[in-house]
Amino acid sequence: MKVIETTKAPGAIGPYSQGFEVNGVVYTSGQIPVDPANGQVPEGIAAQTEQSCKNVAAILEAAGSSMEQVFKTTCFLANMSDFAAFNEVYAKYFVSKPGRSCVAVKDLPKGVLCEIEAIAVK
């Protein structure tokens, strides 16, 4: 097992890693839309989805993988009414159309609107 760490994605805000590589498979922790450069969260579901996708991409890149190698995602939304707007941005990043679960949850860390985790091959 290899821990994946990069300054191009936000650091963990709890006792976990940004990601792990195990036998050529990369598992990212859920990525909320925190800009790693300044710690800020953008406004609105589209901008937050964009930042979450960028954070996932940065971890995958640090592991030697990419968004095109993702075969499964799990997505969390604070409000299912954001589903269409979330999908519009998500589709620009996950062009391989990986398997996905997408659920609404009561709350997300820092009051954000979305969180994305991914599993990819290296």
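Residues numbered from 1 in each chain as written. Predicted model: local features only at pLDDT ≥ 70, side-chain atom pairs only at ≥ 80, totals over all residues. Heavy atoms only, no water.

Colleague: What is the right way to look at the environment of Ala37 in this model?
Modeller: Note that Ala37 resides in the loop between strand E3 (25-28) and helix H1 (45-62). C-alpha separation for the pair Ala37 and Pro10, spaced 27 residues apart in sequence, amounts to 8.2 Å. (Helix = DSSP H or I, 4+ residues; strand = E, 2+ residues; numbered from the N terminus.)

Colleague: Would you explain unusual backbone geometry in this entry?
Modeller: Trans is the common state for peptide bonds, and a negative phi is the common state for residues other than glycine. The phi torsion at Lys97 lies on the positive side, around 55°, for a residue other than glycine. Position of Lys97 among the secondary structure elements: in the loop between helix H2 (83-93) and strand E5 (99-104). Under the relative-accessibility criterion, Lys97 is labelled exposed at 71%. A positive phi angle is found at Lys110, which is not glycine, with a value near 60°. Summarising the element assignment, Lys110 is placed in the loop between E5 and strand E6 (114-121). (Buried < 20%, exposed > 50% of the residue type's maximum accessible area, 1.4 Å probe, protein only.)

Colleague: Whenever I open this one, the nonpolar core confuses me. Can you help?
Modeller: The nonpolar side chains of soluble globular proteins are, as a tendency, buried together. Val56, Leu60, Met67, Phe86, Phe94 and Ile116 are the most contacted members of the largest nonpolar core, which has 24 residues in total. Those elements that place two or more of their residues in this core are H1, strand E4 (70-77), H2 and E6. Ranked by the residues each element gives to this core, the list is headed by H1, at 6 residues. Ignoring anything within four residues of it in the chain, the contact list for Leu60 reads Val26, Thr28, Ser65, Ser66, Met67, Val70 and Ala120. (Core = buried A, V, L, I, M, F, W, Y, C linked by side-chain atoms within 4.5 Å. Contact = heavy atoms within 4.5 Å.)

Colleague: It is not clear to me how the side chain of Thr49 should be interpreted in this structure. Could you clarify?
Modeller: Structurally, Thr49 is set in helix H1. The class for Thr49 is buried, based on a relative accessible area of 0%.

Colleague: Please explain H1 as it appears in this structure.
Modeller: Residues three or four positions apart in an α-helix share a direction because the helix packs 3.6 residues into each turn. With 18 residues, H1 extends 26 Å between its outermost C-alpha atoms, agreeing within 8% with the 26 Å of an ideal straight helix rising 1.5 Å per residue. Those residues of H1 not exposed but buried are Ile45, Gln48, Thr49, Gln51, Ser52, Cys53, Asn55, Val56, Ala58, Ile59 and Leu60. As for H1, its buried residues are in contact with strand E1 (2-4), strand E2 (19-22), E3, E4, H2 and E6. (Expected span 1.5 Å × (residues − 1).)

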